[in-house]
Amino acid sequence: MSSKPGLYPQKIWRSTSSDAEKKVYSALKTELPKGWYAWHSLKVRSENGFEGEGDFVFAIPKVGLLVLEVKGGNITVEDGHWFQNGNPMKESPREQGHRFKRLLLTELAKRDCYPPAHGIATCFPD
(Lines give C-alpha, C1' and ligand atoms only; values in the text may rest on other atoms or scores of the structure.)
Protein backbone atom coordinates (compact mmCIF):
# COMPACT_ATOMS: atom_id res chain seq x y z
CA MET A 1 0.00 0.00 0.00
CA SER A 2 1.18 3.53 -0.64
CA SER A 3 2.56 5.31 2.38
CA LYS A 4 -0.24 7.80 2.96
CA PRO A 5 -3.92 7.97 2.03
CA GLY A 6 -4.81 9.75 -1.18
CA LEU A 7 -5.22 9.37 -4.91
CA TYR A 8 -2.46 7.70 -6.93
CA PRO A 9 -0.89 8.75 -9.17
CA GLN A 10 -1.04 12.04 -7.32
CA LYS A 11 -0.52 14.66 -10.03
CA ILE A 12 -2.41 13.41 -13.09
CA TRP A 13 -4.26 10.32 -14.28
CA ARG A 14 -2.46 7.41 -15.87
CA SER A 15 -2.41 7.39 -19.64
CA THR A 16 -5.97 6.81 -20.82
CA SER A 17 -8.12 7.71 -23.79
CA SER A 18 -11.21 7.63 -21.54
CA ASP A 19 -12.59 11.09 -20.88
CA ALA A 20 -14.92 9.44 -18.34
CA GLU A 21 -11.95 8.16 -16.30
CA LYS A 22 -10.36 11.61 -16.47
CA LYS A 23 -13.59 13.14 -15.11
CA VAL A 24 -13.69 10.66 -12.22
CA TYR A 25 -9.99 11.19 -11.46
CA SER A 26 -10.51 14.96 -11.35
CA ALA A 27 -13.48 14.58 -9.01
CA LEU A 28 -11.59 12.22 -6.71
CA LYS A 29 -8.61 14.56 -6.59
CA THR A 30 -10.68 17.00 -4.53
CA GLU A 31 -13.44 14.80 -3.09
CA LEU A 32 -11.76 11.54 -2.00
CA PRO A 33 -12.88 10.84 1.58
CA LYS A 34 -10.22 11.44 4.23
CA GLY A 35 -8.21 8.33 5.06
CA TRP A 36 -9.03 6.51 1.81
CA TYR A 37 -6.54 5.26 -0.77
CA ALA A 38 -7.43 5.23 -4.47
CA TRP A 39 -5.47 4.08 -7.50
CA HIS A 40 -6.32 4.93 -11.08
CA SER A 41 -5.75 2.24 -13.69
CA LEU A 42 -4.32 -0.33 -11.27
CA LYS A 43 -2.83 -3.24 -13.18
CA VAL A 44 -2.31 -6.72 -11.72
CA ARG A 45 -0.62 -9.66 -13.45
CA SER A 46 -1.39 -13.25 -12.52
CA GLU A 47 1.16 -16.07 -12.46
CA ASN A 48 -0.05 -17.29 -15.85
CA GLY A 49 0.57 -13.87 -17.40
CA PHE A 50 -3.01 -12.58 -17.48
CA GLU A 51 -3.01 -8.86 -16.81
CA GLY A 52 -6.13 -7.22 -15.46
CA GLU A 53 -6.81 -3.55 -14.92
CA GLY A 54 -9.18 -1.83 -12.53
CA ASP A 55 -10.23 1.66 -13.58
CA PHE A 56 -10.18 2.74 -9.93
CA VAL A 57 -9.42 0.68 -6.85
CA PHE A 58 -10.22 2.03 -3.39
CA ALA A 59 -8.83 0.75 -0.10
CA ILE A 60 -10.63 1.94 2.98
CA PRO A 61 -8.61 0.97 6.08
CA LYS A 62 -10.44 -1.42 8.44
CA VAL A 63 -13.39 -1.50 6.03
CA GLY A 64 -12.32 -3.13 2.76
CA LEU A 65 -11.76 -2.49 -0.90
CA LEU A 66 -13.87 -1.43 -3.84
CA VAL A 67 -13.24 -1.80 -7.57
CA LEU A 68 -14.90 0.92 -9.65
CA GLU A 69 -15.46 0.29 -13.35
CA VAL A 70 -15.98 3.54 -15.31
CA LYS A 71 -17.70 3.77 -18.69
CA GLY A 72 -18.21 6.89 -20.75
CA GLY A 73 -20.47 7.84 -23.59
CA ASN A 74 -24.01 6.66 -24.16
CA ILE A 75 -24.39 3.42 -22.19
CA THR A 76 -27.53 1.37 -22.73
CA VAL A 77 -28.77 -2.10 -21.89
CA GLU A 78 -31.13 -3.67 -24.40
CA ASP A 79 -32.64 -7.08 -23.79
CA GLY A 80 -29.80 -7.88 -21.38
CA HIS A 81 -27.03 -6.76 -23.77
CA TRP A 82 -24.79 -3.78 -22.99
CA PHE A 83 -23.99 -1.12 -25.61
CA GLN A 84 -21.58 1.81 -25.57
CA ASN A 85 -22.37 4.53 -28.11
CA GLY A 86 -24.54 2.04 -29.99
CA ASN A 87 -21.82 -0.62 -30.18
CA PRO A 88 -22.14 -3.95 -28.35
CA MET A 89 -19.74 -4.34 -25.43
CA LYS A 90 -17.73 -7.58 -25.24
CA GLU A 91 -18.32 -7.76 -21.50
CA SER A 92 -20.63 -5.84 -19.19
CA PRO A 93 -19.03 -3.27 -16.88
CA ARG A 94 -20.09 -5.36 -13.86
CA GLU A 95 -18.50 -8.51 -15.32
CA GLN A 96 -15.28 -6.52 -15.90
CA GLY A 97 -15.32 -5.30 -12.30
CA HIS A 98 -15.95 -8.78 -10.89
CA ARG A 99 -13.19 -10.33 -13.04
CA PHE A 100 -10.62 -7.78 -11.87
CA LYS A 101 -11.74 -8.07 -8.23
CA ARG A 102 -11.23 -11.87 -8.34
CA LEU A 103 -7.74 -11.40 -9.78
CA LEU A 104 -6.85 -8.75 -7.20
CA LEU A 105 -8.13 -10.82 -4.27
CA THR A 106 -6.19 -13.86 -5.50
CA GLU A 107 -2.96 -11.87 -5.72
CA LEU A 108 -3.54 -10.21 -2.32
CA ALA A 109 -4.17 -13.63 -0.69
CA LYS A 110 -0.76 -14.79 -1.94
CA ARG A 111 0.64 -12.00 0.22
CA ASP A 112 -1.52 -12.90 3.24
CA CYS A 113 -3.74 -9.86 2.73
CA TYR A 114 -7.45 -10.46 3.18
CA PRO A 115 -9.67 -7.37 3.02
CA PRO A 116 -12.51 -7.55 5.56
CA ALA A 117 -15.03 -6.70 2.82
CA HIS A 118 -14.87 -6.16 -0.93
CA GLY A 119 -17.12 -5.19 -3.77
CA ILE A 120 -17.48 -3.58 -7.16
CA ALA A 121 -19.35 -0.58 -8.45
CA THR A 122 -19.96 0.96 -11.85
CA CYS A 123 -19.88 4.63 -12.74
CA PHE A 124 -21.27 6.36 -15.83
CA PRO A 125 -20.15 10.00 -15.54
CA ASP A 126 -21.54 11.05 -18.92
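As the structure is a computational prediction, the values presented were derived from the model and not from experiment. (Residues numbered from 1 in each chain as written. Predicted model: local features only at pLDDT ≥ 70, side-chain atom pairs only at ≥ 80, totals over all residues. Heavy atoms only, no water.)

(A) Representation of the overall build of the protein chain. Helix and strand content of the protein chain: two helices and eight strands. In summary, the protein chain has a C-alpha radius of gyration of 15 Å against a globular reference of 14 Å for 126 residues, a match within 12%. Along the first, second and third principal axes, the C-alpha atoms of the protein chain reach 40 × 35 × 25 Å. By residue count, 40% of the 126 residues in the protein chain fall in the buried class. (Helix = DSSP H or I, 4+ residues; strand = E, 2+ residues; numbered from the N terminus. Rg over C-alpha atoms; globule rule 2.2 N^0.38 Å. Buried < 20%, exposed > 50% of the residue type's maximum accessible area, 1.4 Å probe, protein only.)

(B) Geometry of unusual backbone geometry. Residue Tyr 8 is joined to Pro 9 through a cis peptide bond whose omega torsion reads -10 degrees. Among the structural elements, Pro 9 can be located in the loop between β1 (6–8) and α1 (19–31). One non-glycine residue, Lys 62, lies in the positive phi region at around 65 degrees. Secondary-structure assignment places Lys 62 in the loop between β3 (51–60) and β4 (64–70). The exposed category is assigned to Lys 62, whose relative accessible area is 85%. With a phi angle near 55 degrees, Asp 79 is a residue other than glycine that sits in the positive phi range. Counting through the fold element by element, Asp 79 comes out in the loop between β5 (75–78) and β6 (81–84). A relative accessible area of 78% places Asp 79 in the exposed class.

(C) Spatial organisation of the sheet that holds strand β2 (residues 37–45). Strand order in the open sheet formed by five strands is β1-β2-β3-β4-β8, with mixed pairing between adjacent strands. Whereas interior strands pair on both sides, the edge strands pair on one side only; in this sheet they are β1 and β8 (118–123). Taking each pair of neighbouring strands and ignoring which way they run, the sheet shows an average axis angle of 35 degrees. Direction of pairing for β3 relative to β4: antiparallel, over a ladder of five bridges. Looking at the pairing, Val 57 lines up with Val 67 of β4. Its contacts with the sheet put helix α2 (residues 93–109) on β2, β3, β4 and β8, and the angle it makes with β8 is roughly 150 degrees. (Pairing = 2+ DSSP bridges. Axes fitted to C-alpha atoms, helices over the stretch in contact; angles between N-to-C directions. Contact = heavy atoms within 4.5 Å.)

(D) Here's a closer look at the layout of surface pockets. In this structure, the second largest pocket encloses a volume near 200 Å³. Lining the second largest pocket are 13 residues, with Glu 53, Asp 55, Glu 69, Lys 71 and Gln 96 sitting closest to its centre. Elements with a contribution of two residues or more to the lining of the second largest pocket: β3, β4 and α2. When residues of the lining of the second largest pocket are assigned to their parent elements, the largest contribution, three residues, is made by α2. (1 Å grid on protein atoms, 1.4 Å probe; cavity = no way out; pocket = protein on both sides within 12 Å on 5 of 7 lines; lining within 4 Å. Points joined across faces, edges and corners; volume = space filled by probe spheres on them.)

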